[in-house]
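Now for the letters of each chain:
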Amino acid sequence: VERPSTDVIQGTLDLLILKTLSLTPMHGFGIARRVEQISRGVFKVNPGSLLTALQRLERAGWLDAVWRRTENARRAKFYSLTRAGRKQLDLEAADWTRRASAVARLLRAEG
Amino acid sequence: MSLWRQLSRGVGALLNRRAADRDLAEEVEHYLEQSVAAHLAAGLSPAQARRAARLELGPLPAVREEVRSSGWESRVESVLADLRYAARRLRGAPGFTAVAVFTLALGLGGTTAILSVVHPILFESLPYPEADRLVMVWETPRQHQTFATYHELATRSRSFESLAALRTWQPTLAGGAEPERLEGQRVGAGYFRALRVAPLLGRDLAPDDDRRGGSRVVLLGHRLWQRRFGADPGMVGQEILLDGAGYRIIGVLPPDFENVLAPEAEVWAPLQYDMSEGRAFGHHLRMIGRLRPGVDHSRAADEAAALGRDLADRYPDAFGKGATAVLVPFQEDLVRAVKPVLLAVLGAVSLVLVIACVNVTNLLLARGVQRRGEFALRAALGAGQGRLVRQLLTESLLLAVMGGVAGLGVALLGIRALVALSPPGLPRLSAIGFDPGVFLFGLALASLLGLALGMVPALQAARADAQPDLQLGSRRTAGGHRRTRSALVVAEVALALVLLVSSGLLLRSLSRVFAVPPGFDGPGVLTLQVQTAGQRFTDSTTIRFFTQALEAVGRVPGVTAAALTSQLPLSGDQDEYGAHFEAGPGLGGTSHSVYRYSVSPGYTDVLRIPVRQGRGLTEADRAGAPLVVLISESLARRRFGDRSPLGERLRIGAPGGPALTIVGVVGDIKQMSLAMELSDAVYVPMAQAPFGDAAMSLVVRGASDPTRLAPDIRRAIWSVDKDQPVVRLATMDALLEASAAERRFVLVLFEAFGLTALLLAAAGIYGVLSGSVAERTREIGVRTALGASRTRIAGLVLGQGLRLTALGVALGLAGAMLAGRAIAAMLFGVSPLDPLTYGGMIGLLGAIALLASWVPAWRAARVDPARTLREE
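So, here's what we can say about the structure. (Residues numbered from 1 in each chain as written. Chains lettered and ligands numbered in written order. Predicted model: local features only at pLDDT ≥ 70, side-chain atom pairs only at ≥ 80, totals over all residues. Heavy atoms only, no water.)

**Considering the overall build of chain B**
For step 1, the next point in the chain: When helices and strands are counted, chain B shows 27 helices and 23 strands.
For step 2, the next point in the chain: Compactness check: chain B gives a C-alpha radius of gyration of 38 Å against a globular reference of 29 Å for 872 residues, more than 25% above the reference.
For step 3, the next point in the chain: Projecting the C-alpha coordinates of chain B onto the three principal axes gives extents of approximately 135 × 80 × 60 Å.
For step 4, the next point in the chain: Buried positions account for 51% of the 872 residues belonging to chain B.
For step 5, the next point in the chain: Excluding contacts between residues fewer than 6 apart, the proportion of contacts in chain B whose partners are at least 24 apart in sequence is 82%.
For step 6, the next point in the chain: Side-chain charges of chain B comprise 92 positive and 79 negative groups, with the mean position of each set lying 7 Å from the other. (Helix = DSSP H or I, 4+ residues; strand = E, 2+ residues; numbered from the N terminus. Rg over C-alpha atoms; globule rule 2.2 N^0.38 Å. Buried < 20%, exposed > 50% of the residue type's maximum accessible area, 1.4 Å probe, protein only. Contact = heavy atoms within 4.5 Å. Lys, Arg positive; Asp, Glu negative; His and termini not counted. Charge placed at Lys NZ, Arg CZ, Asp CG, Glu CD.)

This is the structure in structure tokens:
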């Protein structure tokens with residue numbers, strides 16, 4: 001029996017990251033964990049892709065990154081949403097809703 | 001904002017890679033830790049938790065690499081790495097690199113230099129608006145114009161928007177620390193309008209200025225205005241002293257005005273002739289005009305020709321037979337003399353460029369073959385085709401850039417050398433400069449070539465089964481690539497022969513030119529030009545001044561003989577007049593274009609021009625005595641055939657002038673150049689001339705080296721009148737030498753190109769043979785082991801080299817014949833198929849080829865069979 005795919009849908013990783021960070025600043029693993037939890041395990045984020053996406057979004061100016069000391073005296077990189085990131089999130093969320101409902105309509109029409 | 005972040009983050013990472021890497025490592029590290037902690041919290045044992053986290057994350061270096069390679073700066077980094085690697089590879093093959101860079105530099109630099117010179121002269125339009133409407137007007141075969149022709153065209157022609165006659169003018173400017181002799185022009189009022197140049201300050205010449213006896217006005221060149229008058233705008237309206245007379249400055253020309261007809265000119269005054277002018281029928285003017293819009297060239301030419309013929313019919317004495325007016329487009333007229341020269345040089349340098357390209361091609365191919373093992377290995381280790389190609393592109397580009405930079409140096413030096421070497425007749429010297437467009441074009445070409453060639457081995461390595469290349473390393477048996485390289489060498493040899501034969505022909509021409517007797521005895525003669533400047537001189541005082549100056553020079557110790565002449569052979573002087581013979585028994589009247597020399601009696605003696613018939617001029621031929629004239633042998637033959645011309649009469653210049661009696665015939669001399677046949681001449685005694693020439697040349701023969709007498713001679717002249725400029729000091733030998741400047745210019749360039757071609761061809765032969773010997777070491781070892789003697793082995797290689805050479809020579813012969821025909825106009829006294837030149841150059845090429853083959857042959861003969869066989 002094939003296991004259901006847990007890959008993040010192509011092109012939605014940015015949206016997931018932005019949405020997750022809109023609640024509170026987080027580090028990389030926190031984001032991955034949160035996505036997994038909220039999606040109830042439907043999505044598992046690939047760490048390499050996540051860190052690459054974080055670097056890209058940070059350079060695009062949608063995220064800010066700061067190094068913070070953690071409780072066990074290590075440095076951790078925390079990401080937070082910028083104002084531009086928030087705008088981008090709205091844009092991407094609206095876009096996603098539009099597409100998803102279109103797909104849903106198509107599926108309904110066929111059924 | 002985001003662009004800024006992109007840049008700053010990327011540059012930050014580039015500049016401080018270590019910090020960026022540490023941050024990334026720490027972030028990944030932290031991710032892992034968190035993941036482990038999460039698994040622990042979910043109830044796994046520490047070992048299980050660590051394992052699960054590791055599994056999720058994958059290998060840490062891979063993650064780091066994934067993130068790291070996502071930024072743009074990683075691409076820059078890999079390019080830099082490629083560059084570093086390429087530089088290392090090129091450093092590792094210094095011989096190859098040096099030869100390739102040198103070859104590229106020569107080809108690229110040479111072509112850029114030549115094109116930078118040729119382009120503005122031949123291909124750029126002249127620096128005037130609608131320059132294609134400008135025409136020069138000559139009397140038949142490039143004879144200078146008379147004012148009469150100008151007057152005729154100006155009053156009757158409908159083709160010209162503006163028309164101007166002009167002549168050179170060299171006034172002396174007083175008022176500074178010492179008098180300065182200026183270059184200038186006397187021009188018709190329409191001159192600047194024809195060129196469409198407006199003065200920067202003041203006003204242009206008006207028709208009113210250009211009247212005989214009109215007021216003395218002058219326009220200044222921008223340089224002169226700055227140099228002598230401190231760029232003072234108030235100078236307009238002021239008077240300056242030129243030749244002792246006051247001239248009012250009416251304007252200053254703009255700084256960017258390029259006066260193509262007289263590049264050195266700095267002052268312009270109106271011509272101020274009319275038909276009552278004594279020189280109205282003198283052939284001493286140039287004429288330029290701008291065609292009216294809508295008038296096409298052929299119509300204007302027809303009209304001018306008709307008017308010219310009509311004028312000549314009305315004044316048959318003043319014009320030669322068939323005289324007319326000829327229109328030549330300005331640009332064409334300007335480059336007429338230098339065009340074949342420049343095109344030949346351009347052709348030669350293109351050949352050098354082709355040879356250079358062939359050579360670099362050969363080098364790259366050879367190198368590609370040598371590196372097949374390397375690429376096979378890298379492909380086997382997992383380098384993708386794209387990566388290999390990019391690597392090679394980087395290497396080729398690096399090579400092209402190095403060659404380009406070196407070529408830039410060659411080009412800059414070359415342009416300087418060309419301008420320094422340039423013959424005096426080269427127009428628009430000031431427009432010559434480094435042409436970046438040409439250079440970039442060449443560089444792009446070289447890069448493309450390098451790219452294309454550099455990719456061959458990479459594609460081969462990526463495509464082919466790497467096994468055989470890996471196994472064989474560099475010791476392969478001969479393959480198909482050798483045939484390509486041999487063909488390229490054959491091409492190189494052929495092209496080199498073309499250049500060598502061409503330069504050989506030019507070299508022989510030059511020596512033939514100098515073998516032409518000039519008709520006078522040059523060695524030991526010093527010449528200088530004395531001018532009379534100022535209003536105090538009338539015709540008679542001019543002649544008196546020159547006579548006194550000549551006497552003073554004759555008294556200088558060390559001077560054995562001295563004489564004066566109005567025009568000096570091979571100095572660039574060109575004073576042509578019409579000579580009109582009276583009709584005699586059995587002969588109608590004829591007119592001939594002749595060089596007119598107004599000379600002092602000793603002139604033919606000083607230059608040792610032989611008197612063939614009759615007598616020379618003597619002191620007795622003074623003013624008031626019967627008017628006499630000497631004519632040249634060629635003129636005597638042309639007019640009288642075998643009959644004696646003595647006692648016959650002729651008139652010179654304007655019709656209705658006095659008749660002169662021929663009292664002697666003298667040997668022909670070369671006036672314009674050694675290679676020019678025209679030598680019809682008349683000599684009149686200076687004392688009997690109807691007008692005084694304002695500038696006379698002194699010819700002085702001394703007991704010892706005449707140049708040492710120069711200061712004394714100058715003092716002697718100034719003892720008569722201290723204000724007269726003495727210029728153009730030169731020995732007759734130097735003038736002879738300089739008269740062939742154009743020829744020498746072409747020759748020097750061809751020799752340089754020929755030599756370069758020879759070197760490159762030799763390098764090509766050497767390269768191919770060395771490569772072939774290196775590849776065939778095993779075969780040679782086996783042959784030696786089987787009993788082949790060293791001589792035989794060396795002979796094998798030499799034979800290969802000579803076969804290539806012979807094939808190249810055979811092909812080159814055909815090319816050389818074509819090239820010989822192309823430069824036929826520049827040859828003198830030597831056939832384009834001159835067997836001596838062909839033989840000599842083939843011999844030279846053969847000898848060099850033999851030399852280039854010798855080293856590899858020697859190396860082949862020394863191959864140790866034991867060692868090669870052991871290596872099997």
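**Here's the deal with the side chain of Thr-756 of chain B**
Residues and elements named next belong to chain B.
For step 1, the next point in the chain: By the secondary structure assignment, Thr-756 is in helix α23 (residues 741–775).
For step 2, the next point in the chain: For Thr-756, a relative accessible area of 15% translates into the label buried.
For step 3, the next point in the chain: Reaching out from Thr-756, the side chain makes a polar contact with the backbone oxygen of Ala-752 at a distance of 2.6 Å.
For step 4, the next point in the chain: Sequence-distant contacts of Thr-756, defined by excluding residues within four places in its chain, comprise Leu-106 and Val-352. (Polar contact = N/O pair within 3.5 Å; in protein donor to acceptor, adjacent residues only side chain to side chain.)

**Some points on the nonpolar core**
For step 1, the next point in the chain: Residues Tyr-128, Tyr-191 and Phe-330 of chain B are the most contacted members of the largest nonpolar core, which totals 102 residues.
For step 2, the next point in the chain: Discounting residues that sit within four places of it in the chain, Tyr-128 of chain B has contacts with Leu-134, Leu-195, Val-197, Phe-257, Glu-258, Asn-259, Val-260 and Phe-330 of chain B.
For step 3, the next point in the chain: The next biggest cluster of nonpolar side chains, apart from the first, holds 34 residues, and it includes Leu-15, Leu-21 and Met-26 of chain A together with Leu-32 of chain B. (Core = buried A, V, L, I, M, F, W, Y, C linked by side-chain atoms within 4.5 Å.)

**With respect to the interface of chain A and chain B**
One widely used convention gives an interface's size as the accessible area the parts lose upon coming together.
For step 1, the next point in the chain: Across the boundary between the two partners, chain A contributes 31 residues, which contact 25 residues of chain B.
For step 2, the next point in the chain: Of the roughly 2,400 Å² buried where chain A meets chain B, counting both sides, 51% is carbon and sulfur surface.
For step 3, the next point in the chain: Considering only the surface of chain A that becomes buried against chain B, Phe-29, Leu-51 and Arg-59 of chain A emerge as the three largest contributors, covering 31% of it.
For step 4, the next point in the chain: Counting across the interface, chain A meets chain B through six salt bridges.
For step 5, the next point in the chain: Inspection of the chain A/chain B interface yields nine residue pairs in polar contact (both at pLDDT 80 or more).
For step 6, the next point in the chain: Class assignment for the residues of the side of chain A that touches chain B results in twelve nonpolar, eleven polar and eight charged. (Buried area = accessible area lost by both parts, 1.4 Å probe. Salt bridge = Lys/Arg side-chain N within 4 Å of Asp/Glu carboxyl O. Nonpolar A, V, L, I, M, F, W, Y, C, P; charged D, E, K, R; others polar.)

**Points about the side chain of Glu-152 of chain B**
All names here are of chain B.
For step 1, the next point in the chain: Within the element layout of this structure, Glu-152 appears in helix α7 (residues 147–156).
For step 2, the next point in the chain: Taking the relative accessible area as the measure of exposure, Glu-152 reaches 7% and is therefore buried.
For step 3, the next point in the chain: A distance of 2.5 Å separates the side chain of Glu-152 from the side chain of Arg-156, its partner in a polar contact.
For step 4, the next point in the chain: In this view, Glu-152 contacts Ser-157, Leu-307, Asp-310, Leu-311 and Arg-314; residues no more than four positions away in its chain are not counted.

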